[in-house]
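What the coordinates show
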Protein chains: 2
Amino acid sequence: MSTVLGSTPKADGFRMPAEFEPHAGCWMAWPERPDNWRDGAAPAQRSYVEVASAISTADPVTMAVSDAWFERARAALPDSVRVVEVSTDDAWMRDIGPTLLVGDGGARRGVDWRFNAWGGLEGGLYSPWDRDDRVAAKVLEVEGVDRYRVSFVLEGGSIHVDGEGTVLTTEECLLNHNRNPELSREEIERHLLDYLGAEKVLWLGQGVYEDETDGHVDNLACFARPGVVLLTWTDDESDPQHAISVDARRRLEAAVDARGRGLEVILVPAPAPAPVSAEEAAGVVSVEGTLPRLAGERLAGSYVNFYVADGRVVMPLLDEVRDEEATAIIAGAFPDREVVGIPAREILLGGGNIHCITQQVPR
Amino acid sequence: MSTVLGSTPKADGFRMPAEFEPHAGCWMAWPERPDNWRDGAAPAQRSYVEVASAISTADPVTMAVSDAWFERARAALPDSVRVVEVSTDDAWMRDIGPTLLVGDGGARRGVDWRFNAWGGLEGGLYSPWDRDDRVAAKVLEVEGVDRYRVSFVLEGGSIHVDGEGTVLTTEECLLNHNRNPELSREEIERHLLDYLGAEKVLWLGQGVYEDETDGHVDNLACFARPGVVLLTWTDDESDPQHAISVDARRRLEAAVDARGRGLEVILVPAPAPAPVSAEEAAGVVSVEGTLPRLAGERLAGSYVNFYVADGRVVMPLLDEVRDEEATAIIAGAFPDREVVGIPAREILLGGGNIHCITQQVPR
């Protein structure tokens, strides 16, 4: 498929639709590396199978798998999931996959952002990351969609859009010196608007406390529909997350979106902090070049890290005490969709959640 | 995609269409291994690009490429060719790819034959071959087509069909003890008919002289249309190929196809034998486990090893003296198609030709 050069999606009439707009499919990538996932990635693989199964009744799912794992992943996944060979460095399709755009008359194109493993050699999570950086191009080839290759470093989890011109992101990630240090805030805004086909960037400050992605917005907040934002929240003032969520709420309530609307903010309680256990940490093979998983570390759990499929929301279950309340709030925000919860601690142990491991293909 | 168990294509109403029936696409696989292709496979890659380009104006081409070669193959191929990651052991999509079938109402399924590198540890061409054996399943996943996995060993180049119930094959290959030694001739026929959705097997004897595939039919003869067979031919009685072609002609002229028709046989002159040169042999890295390429060895060149695309035939050019006559004969056999010749010695040096490196997807 061809690479589009010398232009931008915005100039060409393309935009990133919101996740709640109709889908043609969903991509995921199979977890394999034993230096990030405990017990040879077996528990995580079971969780990925559950997530893929839950999504595939709504959106056709394609799982990217290495050659080495191809037959085993094929055997583990339901028939309805398409399994294709795509080599990766890990399993975060939200961040390594393309951003798919729609144009007039149903045309589609994709953005292939540069990927540097969440910070390259300055705080990135593993090295090398060249296989991850090739994933977006490979997905677009299988989809038969032309590609914008951009030198701009961005992970898909660091942005959300409302599909009506508004981009939501965080300063902690997008302005981090380990992503695009040569660009000013204004130049970064310009890149986002040009490549997402949008009109306005809404900046939040920090992401979820101790989120190793440098504060991806998709773990903190998301649009339920234009004008409505779900925000992870805690009332516990002694928790560092409290000040982060208060700041985000203040910014959101003061903001006007690209269409001139104020925003309704719906608070979603965070799961109680549940640090990595000694048993969990012991299952991860520690190697040089990969962020270690240590017992006692806080995990950046958040219920807003869900995937919006056609007709259903697939959300993480993370805390027996708070799962029910969070599910009810999310169900209230998506009245036309069934909400399906999947026990997701094994995904969280790897550094993200259900939104991070999925990437929608718009219809 | 699901694997169909406990049934056969014939029982399920599926059949392999002839290559001259309409196509949805064509698959190829990128040549990479320097122990089979000279000069780091660079000359072969250029030939594959020419073949892919010539086909892609008629049939949409997908090129299977390893992760290591992905970006370079993408850069070398025209935009119109889709490039997808599929690990292989070599580059013979005819033999490692699926056999695609059509059913009532346009449904498609695929046969994933067992592959053992043209003879396994008894005369096979390289070891290991596990990546090749996974290719058919991967192609079918990308195509979104359900799969029959068969324990029967077969390469796609060892069969031709007329699309009307007749299968053409050779005893040298199909009855070779290094393919399915536990099966009788009758059982092998039964497998072919069941999995190709056919009615009758026509047996030729030997394939082209010194063909390292154990005499694949696709290098010896093929259907131009139902009732008409092209056969590689030499008038030189001192050439061992003469007796092989005479025997094949005799069998074909005595045969009746599945519809009860006699066969018209069109003779296509073989290119003059042109052995591997010292320079050509010196460019191949010799390793244990891969058939060596030695100076002076005869190559199994044949003009019938062409690909029939929608509206065009893409054929090898192999001998300046005979190319023109062969082209004219093939053009006469396909009066509604443009015949495009591609210089193909670099492909022949690797052990096959244009039919061997392609696999059609019926429409």
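Calculation notes
Residues numbered from 1 in each chain as written. Chains lettered and ligands numbered in written order. Predicted model: local features only at pLDDT ≥ 70, side-chain atom pairs only at ≥ 80, totals over all residues. Heavy atoms only, no water. Pairing = 2+ DSSP bridges. Helix = DSSP H or I, 4+ residues; strand = E, 2+ residues; numbered from the N terminus. Axes fitted to C-alpha atoms, helices over the stretch in contact; angles between N-to-C directions. Contact = heavy atoms within 4.5 Å. Buried < 20%, exposed > 50% of the residue type's maximum accessible area, 1.4 Å probe, protein only. Right-handed = clockwise from strand over helix to strand, strands pointing away. Salt bridge = Lys/Arg side-chain N within 4 Å of Asp/Glu carboxyl O.

Moving on, we get to the sheet that holds strand β13 (residues 307-309) of chain B. All names here are of chain B. If you trace the 3 strands from one edge of the open sheet to the other, you get β13-β14-β15, paired in mixed fashion. With one partner strand each, in any of the chains shown, β13 and β15 (338-343) form the two edges of the open sheet. In this sheet, adjacent strand axes meet at a mean angle of 25° when their direction is disregarded. In terms of strand pairing, β13 meets strand β14 (residues 312-317) through 3 bridges, oriented antiparallel. Note that in β14 the partner of Val308 across the bridge is Val313. Helix-sheet contacts for helix α2 (residues 42-56) involve β13, β14 and β15, and the interaxial angle to β15 is about 170°. With respect to the sheet, helix α10 (residues 323-333) is in contact with β14 and β15, its orientation differing from that of β14 by roughly 160°.

On to the pairing of strand β3 (residues 82-85) of chain A. All names here are of chain A. Across the two faces of β3 the burial is the same, with Arg82 and Val84 and Val83 and Glu85 all buried. The pairing of strand β2 (residues 61-65) with β3 spans 4 bridges and is classified as parallel. Within β3, the residue paired with Thr62 across the bridge is Arg82. Taking the sense of rotation as the criterion, the β-α-β connection linking β2, helix α3 (residues 70-76) and β3 turns out right-handed.

Let us now look at the pattern of salt bridges. For the structure on display, the rule yields 70 salt bridges over all chains. Close ionic contact of Arg134 of chain B with Glu71 of chain A constitutes a salt bridge, the shortest N to O distance being 3.6 Å. Taken together, the residues Arg134 of chain B in helix α5 (residues 130-143) and Glu71 of chain A in helix α3 connect one chain to another. Put simply, Glu164 of chain B and Arg259 of chain B hold a salt bridge, and the shortest N to O gap is 3.5 Å. With a gap of 95 residues between them, Glu164 of chain B in the loop between β7 (159-161) and β8 (166-170) and Arg259 of chain B in the loop between α8 (240-254) and β12 (264-269) connect regions that are remote in the sequence. Linked by salt bridges that have partners in common, Asp67, Glu71 and Glu85 of chain A together with Asp130, Arg134 and Lys138 of chain B make up one network.

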